[in-house]
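# Understanding the architecture of this molecule
So you can see what is in the structure, the chains are spelled out below.
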Amino acid sequence: MQVDFSNNYFELFELPVSFNVPTEHLDTRFRSLQRFLHPDKFASAADAERRWSMQAASFVNEAYQTLSSPLKRASYILSLNGISLDEETDTQMSPMFLMEQMELREALGEAPDAADPYAALDKISKQLTGSQASSADEFAQACEKEDWPTARTVVRQWQFLEKLGSEVQAQEARLDDAL
Amino acid sequence: MAYSDKVLDHYENPRNVGVLDKDDPNVGTGMVGAPACGDVMRLQIKVSEDGVVEDAKFKTYGCGSAIASSSLVTEMVKGKTLEEVEAIKNQDIVDELALPPVKIHCSVLAEDAIAAAIADIKAKREEQSDQKASA
């Protein structure tokens, strides 16, 4: 087994560059790479080799995290195709999408004061899960057609959904803490 | 990360939070978003017939720097002409709030929100003058 830093993450995991990745294969390959790079195996190795193994392990981890998360995987596929998300500099989004996002964030802000806060959060959560699933479908389709402008738009919107999803979870945790 | 006193002040006491009627012919609305952090910003300006900003409101969902940037911008634009408002750049916000490099994109968001609001009010005015011309 070898870890080549010039490989892309898909190559490292012996997968074709595609949005659809078999989770089982991903996990199996990750475990065998982890075994291969286990610190115990390098305990008596020369300094340079030990340093290499640590770098390789972090490369493998980063690759695994990227390929396991649908959104990160999608962004990564875009970057492999030379498409930048310009996520800090390009602020133009569909006004309708932004309006929806604003309303969802408003609803999240009001959720703690609702008669049943958990139900209010659950409603937002369900809507988000649906939107994220549609994003994944739309991305897969655009990717297949190599329609990169559409794929880029989908990922840029998906980032808002992911962010809001983590805020919903944080709000849920705060409710739990208050119980 | 430590926020500057000015950011904290705007964050804790945001100026001009609210909404203007987006269908009012004298109101320009700018909506922008930053995918990097999922921030959403709405900035509105009410502009007099002779092109002076009479009122400004904002609503921002985002980090402290994004909220402070939009709050500051609503204060900066009031009483200015559209030309003067157009001259406001994100660096002015960075300087005023002492934003660190990782938060510069928050000021970009605010600058783009003003630009979008100005574009909106200009489009509305053009439409009105077209209607007058064709009437």
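Right above here is the structure, for reference.
The model shown is predicted, which means the values in this text are computed figures rather than measured ones.

### Some thoughts on the nonpolar core
- Residues V3, L12, F13, F19 and F139 of chain A are the most contacted members of the largest nonpolar core, which totals 34 residues.
- Those elements giving two or more residues to this core turn out to be α1 (9–12), α2 (23–36), α3 (47–68), α4 (70–80), α6 (117–144) and α7 (148–178) of chain A.
- Per element, the largest residue contribution to this core is 6 residues, and it comes from α3 of chain A.
- Of the domains in this structure, domain 1 (9–68) and domain 2 (95–178) of chain A are the two that each give at least three residues to this core.
- Each residue touching F139 of chain A, except ones within four places of it in the same chain, is listed here: F19, A74, I77, L78, A151, V154, V155 and W158 of chain A.
- Ranked by size, the runner-up nonpolar core spans 31 residues in total, among them M41, A68, V73 and V85 of chain B.

### Focus on unusual backbone geometry
- Backbone geometry at E146 of chain A places phi at a positive 55 degrees, although glycine is not the residue there.
- Structurally, E146 of chain A can be placed in the loop between α6 and α7.
- Overall, E146 of chain A belongs to the exposed group, its relative accessible area being 57%.
- Positioned with a positive phi, A98 of chain B is a non-glycine residue whose angle comes to about 50 degrees.

### Brief notes about the interface of chain A and chain B
- Chain A puts 18 residues into the contact, and the matching count from chain B is 19 residues.
- Buried area between chain A and chain B, summed over both chains or domains, comes out near 1600 Å², and the portion from carbon and sulfur atoms is 68%.
- A per-residue breakdown of the area chain A buries against chain B is headed by E88, T91 and M102 of chain A, which together make up 38% of the total.
- Seen at the junction of chain A and chain B, the total is 0 salt bridges.
- Our count for the contact surface shared by chain A and chain B stands at 5 residue pairs in polar contact (both at pLDDT 80 or more).
- Counting residues per element, the ones that place at least two in the side of chain A that touches chain B are α5 (95–110) and α7 of chain A.
- Examining the composition of the side of chain A that touches chain B, we find that 7 residues originate from one element, α5 of chain A, more than from any other.
- The class makeup of the residues in the side of chain A that touches chain B is 6 nonpolar, 5 polar and 7 charged.

### Here's the deal with the sheet that holds strand β2 (residues 39–47) of chain B
All names here are of chain B.
- Read across the sheet, 3 strands follow the order β1-β2-β3 without closing on themselves; strand pairing throughout is antiparallel. Of all the strands in the sheet, the pair left with one neighbour each is β1 (27–34) and β3 (53–61). If you compare each strand with its neighbour and ignore which way they point, the axes differ by 15 degrees on average.
- One ladder, built from 8 bridges, connects β1 with β2; its direction is antiparallel. Across the sheet, the residue bridging to G30 is L43, located in β2.
- Across the sheet, helix α2 (residues 64–77) lies against β2 and β3, angled at about 175 degrees from β3, the strand it touches most.
- Here helix α5 (residues 104–134) sits on the sheet in contact with β1 and β2, set at roughly 145 degrees to β1.

Scoring rules and cut-offs
- Residues numbered from 1 in each chain as written.
- Chains lettered and ligands numbered in written order.
- Predicted model: local features only at pLDDT ≥ 70, side-chain atom pairs only at ≥ 80, totals over all residues.
- Heavy atoms only, no water.
- Core = buried A, V, L, I, M, F, W, Y, C linked by side-chain atoms within 4.5 Å.
- Buried < 20%, exposed > 50% of the residue type's maximum accessible area, 1.4 Å probe, protein only.
- Helix = DSSP H or I, 4+ residues; strand = E, 2+ residues; numbered from the N terminus.
- Domains from an automatic or database assignment.
- Contact = heavy atoms within 4.5 Å.
- Buried area = accessible area lost by both parts, 1.4 Å probe.
- Salt bridge = Lys/Arg side-chain N within 4 Å of Asp/Glu carboxyl O.
- Polar contact = N/O pair within 3.5 Å; in protein donor to acceptor, adjacent residues only side chain to side chain.
- Nonpolar A, V, L, I, M, F, W, Y, C, P; charged D, E, K, R; others polar.
- Pairing = 2+ DSSP bridges.
- Axes fitted to C-alpha atoms, helices over the stretch in contact; angles between N-to-C directions.

Just distances and angles here, no functional claims.
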